[in-house]
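Listed below, chain by chain, are the residues.
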Amino acid sequence: MYDVLTGWTAETLGGLTLLGIGLLWRWLRRRRANGASARPARPSATTSPVRTYTLLGTRAADGQPVHLPSSQPAGMVVTWTGPAGPERYELTDAVLPDGTFAAERTALYRRR
């Protein structure tokens, strides 16, 4: 009788240990997979986040400032075609009080 209980206990404990390791492994893999998908993707060198720029000195027909969404980095010059014709703006890293970024008109400054 003692041999039967000893053999049965060892096999049961071994099986439960393997089951526990398998469940732990599955839980860790699922947790890692959910954690990776829950994190926001970091922008890589090829993609930039979309920023909203306010074109300084430019107003829409209703008197509101003109906003331009762009994924271009600061320092780039973009052309905006308004009612007065095309105008060039340089995108900056300056944050305005409304949370948008400033885009300055390049025609206002002379290049040396």
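Thresholds applied
- Residues numbered from 1 in each chain as written.
- Predicted model: local features only at pLDDT ≥ 70, side-chain atom pairs only at ≥ 80, totals over all residues.
- Heavy atoms only, no water.
- Helix = DSSP H or I, 4+ residues; strand = E, 2+ residues; numbered from the N terminus.
- Buried < 20%, exposed > 50% of the residue type's maximum accessible area, 1.4 Å probe, protein only.
- Contact = heavy atoms within 4.5 Å.
- Phe/Tyr/Trp six-rings, centres within 6.5 Å; stacked < 30°, edge-to-face > 60°.

A. Spatial organisation of the environment of Leu91. Topologically, Leu91 is positioned in strand 4 (residues 85-95). Of the residues examined, Leu91 reaches a relative accessible area of 1% and is grouped as buried. Spatially, the C-alpha atoms of Leu91 and Gly75 are 5.3 Å apart, while their sequence positions differ by 16 residues. If we ignore the near neighbours within four places in the chain, the residues touching Leu91 are Tyr53, Ser70, Gln72, Pro73, Ala74, Gly75, Met76, Val78, Ala102 and Ala103.

B. Layout of the packing of aromatic side chains. Summed over the entire model, instances satisfying the criterion amount to 1 aromatic pair. When the centroid spacing of 5.8 Å and the interplanar angle of 50 degrees are considered together, the rings of Tyr53 and Phe101 count as tilted. Here Tyr53, found in strand 1 (residues 51-59), pairs with Phe101, found in strand 5 (residues 101-105); they are 48 residues apart in sequence, far enough to count as distant. Residue Tyr53 is classed as buried on the basis of its relative accessible area of 0%. Given the relative accessible area of 16%, Phe101 is considered buried.

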